[in-house]
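Chain and residue survey
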Amino acid sequence: MDMPVTKKKKLGLKERYALMTRGLGWEPSYQPIDDIFPMDRFEGIKIHDWDAWEDPFRLTMDAYWKYQAEKERKLYAIVDAFAQSNGHLTLSDARYINTVKLFVNGFAPLEYMSHRGFAHIGRQFRDVGPRVACMMQSLDEMRHSQTQIHAISNYNRYYSGMAEFRHHHDYLPYLQVPKSFFEDAATGGPFEFIVAIGFAFEYVLTNLVFVPFISGAAYNGDMGAMTFGFSAQSDEARHMTLGLEVIKFVLEQDPVNVPIVQKWLNKWTWRGVRLLTLVAMMQDYMLPKRVMSWAEAWEIYFEENCGALFRDLARYGIVMPPCVEQIRLERDHLSHIAWCHFYQARGTSDFHVWLPSKEDMDWLSAKYPDTFDRYYRPRYEYWAKCEAEGKPFEATAVPMQCQVCQIPMMFTEPGDPLTLCQRHADYKGEQYHFCSDHCRDIFEDEPEKFIQSKIAGHEVFKGNAFRPGTDPTAEGFNPAAEALAFFRIEHGRDNGLHNGSTDERNFALWRGLAKAND
Amino acid sequence: MSSTVFLALQANDDTRHVIDAIMADNPAASLDPQPAMVRITAPGTLVVRRETIEELVGRDFDLQELHVNMISLSGRVDETDDIFTLSWDR
Ligand SMILES: [Fe+2]
Ligand SMILES: [Fe+2]
């Protein structure tokens, strides 16, 4: 009940924010400021007036703790209730669990990398405003990775593919796609990192991750994932706003910043969309109850939303990244190319795959009238025939991967879906391979960085994907089996087809028990 | 033509009146309900007013409480004690 109180005159939000951010800083007296903050100049970004920085979300630390604590209380109440009531048995279908596997292996470790990245740059900016904002985001990202891992640990008690998520993220070939994305960002300077993650990822692309994943979780009966998704996402509005503020601030400070920022936008929009290939596939193929197609999400969240953003940035001379042309051409192919690849290369992943059913394929035809029936349905029908004959098709060769995005070279030429797209570049006597012009451009801008990419396929051939003490010269040595053992994939349990998997059987068994008395 | 701004909120008991208040304060806004959430879009500008929310919830409301249930947004943010604005207009 509210008690009548005489209200003390409070400071306004802007004054509180100023006092609790810039008011906490000081001018160094016995060390030159360039020595204290040595990293915020080498990228060529020129800042003349740090005071022009102002975070539009004027959240101070005391309010931050209060609202974050409330988010945590809400989250854990639901996560506990979900676990206590065997919530995993209320899922729409056992296939859905593979979405959760993809998430904990591919995404939760990125949250942790994001925490590290923001902690790092929160130390590197010389102004207090961005430092405070980066510190809050760093704490947020730590919270995201913890709550995701914690919530998903409830699934790990029952299903395969999640127990080794950290090791898988470090070594499993397909997970080098997300891992290399964040490592590339975190090894840039502080401005590149914040443009890459704060702007290109958080502002431009995050809705494309969020909508399919959280709405998908809600739609498929996964209250646990829905809740940590919402809890993490409630921080995203702040992160996006930080990203937008940074870009505006940097562009307004000096015209020399514009081409540098444009180059980063071109690079990170492309790297981001390449990474979202996994999300496109999840959205179109892995959710038993679907929310919207990748193509529809792209229209709403990229074409509409980012169209508005780039129109707004045009006054600084920023243009839509040229890669968007190719992304539009790939829009109706992306998820199909990816799922076809994962179906064939199912031996080295840590989730299960399946062929789309008749109804699934009809939905895909309706959503992709120009491409699905013509290019992809015939493949699935052929593979279904192979499965029915007891000879399921599987590709066991180590694929060639793009030196930049690390995705196997599975994409087709833009505008020519029957020709594989491959690009090459020579550097210091070695040849490097790329999935696209855009990945090759990124390489050619910083070859010394990208020749160091750790390519999972190469690591296998170099003998780096074997456990310590393995003798490859021993009689009957099986390199493929040994690589799986090194990856900590239990063949036949963690990988392969969903139909007939232990997960499928257990889910059916436990759900049956949950609905009967004996 | 001004670009669209949007605010996405969780659909729950905390946000029911907030959503009503936003719709009352923004005649040009449209409401798009999605699984477990709503997306409110508006041409150019969208405002969230503390006073309107307080009238509907019958208690003091701190606009920063929005942080707990906010999912996503598009547009430039301006936040004061009384009004939260999303806008592409200048
Ligand atoms: Fe996050
Ligand atoms: Fe690539």
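Residues numbered from 1 in each chain as written. Chains lettered and ligands numbered in written order. Predicted model: local features only at pLDDT ≥ 70, side-chain atom pairs only at ≥ 80, totals over all residues. Heavy atoms only, no water.

Chain B is annotated in an unreviewed UniProt entry as Monooxygenase from Sphingobium fuliginis. The Sequence similarities (unreviewed entry) comment attached to chain B in UniProt states, word for word, "Belongs to the TmoD/XamoD family." (UniProt positions renumbered as here; feature names shortened; annotations may be inferred.)

As named in an unreviewed UniProt entry, chain A is Phenol 2-monooxygenase, taken from Sphingobium fuliginis.

We now examine the packing of aromatic side chains. All names here are of chain A. Summed over all chains, the structure comprises 39 aromatic pairs over all chains. For the ring pair F125 and F191, a centre distance of 5.0 Å and an interplane angle of 65° mean the geometry is edge-to-face. One end of the pair, F125, is in the loop between α5 (108–124) and α6 (128–156); the other, F191, is in helix α9 (residues 190–219), and 66 residues separate them in sequence. For the pair F125 and F191, a shared accessibility class is recorded, and that class is buried. Seen in terms of ring centroids, F181 and F182 are 5.9 Å apart; in terms of plane orientation they differ by 65°. Their pairing is edge-to-face. Of the residues examined, F181 reaches a relative accessible area of 1% and is grouped as buried. Since its relative accessible area comes to 3%, F182 is described here as buried. Site record: aromatic cluster; members linked through ring pairs are Y285, W339, Y343, W354, F372, Y380, W383 and F393. When the ring centre of F411 is taken as origin, the NZ or CZ atom of R274, which lies over that ring, is 3.5 Å away. Positioned over the ring face of Y343 is R346, at 4.6 Å from the centre of the ring. (Phe/Tyr/Trp six-rings, centres within 6.5 Å; stacked < 30°, edge-to-face > 60°. Helix = DSSP H or I, 4+ residues; strand = E, 2+ residues; numbered from the N terminus. Buried < 20%, exposed > 50% of the residue type's maximum accessible area, 1.4 Å probe, protein only. Lys NZ or Arg CZ within 6 Å of the ring centre and 35° of its normal.)

Another aspect to go through is the side chain of H67 of chain B. With respect to the helices, strands and loops of the structure, H67 of chain B is situated in helix α3 (residues 66–69). Classification of H67 of chain B by relative accessible area gives buried; the value is 3%. Among all residues touching H67 of chain B, those that are not within four sequence positions of it are F57, L59, K71, S234 and R238 of chain A together with E79 of chain B. (Contact = heavy atoms within 4.5 Å.)

Time to look at the pairing of strand β5 (residues 70–74) of chain B. All names here are of chain B. Of all five residues in β5, five are buried; the element is thus mostly enclosed. Sheet topology places strand β1 (residues 4–10) next to β5; four bridges connect them, and they run antiparallel. Following the sheet pairing, L9 is matched in β5 by M70. (Pairing = 2+ DSSP bridges.)

This brings us to the coordination of the iron ion (ligand 2). Each pair of donors in an ideal octahedron of six around a metal sits at 90 or 180 degrees, and each pair in an ideal tetrahedron of four sits at 109.5 degrees. Residue and element names in this part refer to chain A. Every protein donor of the iron ion (ligand 2) is listed here as C402 (SG), C405 (SG), C435 (SG) and C439 (SG), and their distances to the metal cover 2.3 Å. Given the relative accessible area of 1%, C435 is considered buried. On the accessibility criterion, C439 (1% relative accessible area) is buried. (Donors = N, O, S within 2.8 Å, 3.2 Å for Na, K, Ca; no water.)

What follows covers the domain arrangement of chain A. Residues and elements named next belong to chain A. As assigned here, chain A comprises domain 1 (51–340) and domain 2 (355–392). Computed from C-alpha coordinates alone, the two centres of domain 1 and domain 2 are separated by 31 Å. Opposite the 17 residues of domain 1 that make contact, domain 2 presents 13 residues. For the domain 1 and domain 2 pair, buried surface summed over both sides reaches about 1,300 Å², with 58% attributable to carbon and sulfur atoms. On the domain 1 side of the contact with domain 2, R290, H336 and C340 bury the most area, a combined 41% of that side's loss. Viewed at the interface, domain 2 and domain 1 are joined by three salt bridges. Close ionic contact of K367 with E296 constitutes a salt bridge, the shortest N to O distance being 2.7 Å. (Domains from an automatic or database assignment. Buried area = accessible area lost by both parts, 1.4 Å probe. Salt bridge = Lys/Arg side-chain N within 4 Å of Asp/Glu carboxyl O.)

With that settled, the discussion passes to the layout of surface pockets. All names here are of chain A. One number sums up the size of the largest pocket: a volume of about 600 Å³. Along its surface, the largest pocket is lined by 28 residues, and G347, T348, T396, A397 and V398 are the ones closest to its centre. Elements with a minimum of two residues in the lining of the largest pocket: α15 (334–344), α20 (456–461) and α21 (479–487). Looking at the lining of the largest pocket, the element that brings in the most residues is α21, giving six residues. When grouped by side-chain class, the residues that make up the lining of the largest pocket number 17 nonpolar, nine polar and two charged. (1 Å grid on protein atoms, 1.4 Å probe; cavity = no way out; pocket = protein on both sides within 12 Å on 5 of 7 lines; lining within 4 Å. Points joined across faces, edges and corners; volume = space filled by probe spheres on them. Nonpolar A, V, L, I, M, F, W, Y, C, P; charged D, E, K, R; others polar.)

As a further point, take the pairing of strand β7 (residues 83–87) of chain B. When a strand is regular, its side chains alternate between the sheet's two faces. All names here are of chain B. A large share of β7 lies buried, amounting to four of its five residues. With five bridges joining them, strand β4 (residues 45–49) and β7 adopt antiparallel strand pairing. Following the sheet pairing, T45 is matched in β7 by S87. For strand β6 (residues 76–79) and β7, the ladder comprises four bridges, and the chain directions are antiparallel.

Moving on to the packing of helix α4 (residues 97–106) of chain A against α6 of chain A. Residues and elements named next belong to chain A. Between α4 and α6, whose axes approach to 11 Å, the crossing angle comes to 145°. When you trace α4 past α6, the crossing you get is left-handed. Across from I97, V100, F103 and V104 in α4, the residues of α6 making contact are Q148, I152 and Y155. A class-by-class count of the residues in the contact of α4 with α6 yields six nonpolar, one polar and no charged. (Axes fitted to C-alpha atoms, helices over the stretch in contact; angles between N-to-C directions. Left-handed = near helix turned anticlockwise from the far one by under 90°.)

Time to look at a nonpolar patch on the surface. On the surface, a cluster of nonpolar side chains totalling about 260 Å² of accessible area is made up of L11, L19 and M20 of chain A. Its place among the elements puts L19 of chain A in helix α1 (residues 13–20). (Patch = residues over 30% accessible without salt bridge, like charges linked within 9 Å, V, L, I, M, F, W, Y side chains within 5 Å. Areas by Shrake-Rupley, 256 points an atom, 1.4 Å probe, with all protein chains shown as cover.)

A word on the sheet that holds β5 of chain B. All names here are of chain B. Here four strands make up an open sheet; going across it, the order is β2-β3-β1-β5 and the pairing antiparallel. Both outer strands of the open sheet, β2 (30–34) and β5, are each paired with one neighbouring strand and no more. Pairs of neighbouring strands in the sheet enclose a mean axial angle of 15°, with direction left out of account. One ladder, built from five bridges, connects β2 with strand β3 (residues 37–43); its direction is antiparallel. By the bridge assignment for β3, D32 is matched with R39. The sheet strands contacting helix α1 (residues 16–25) are β1, β2 and β3, and the helix crosses β1 at an angle near 160°.

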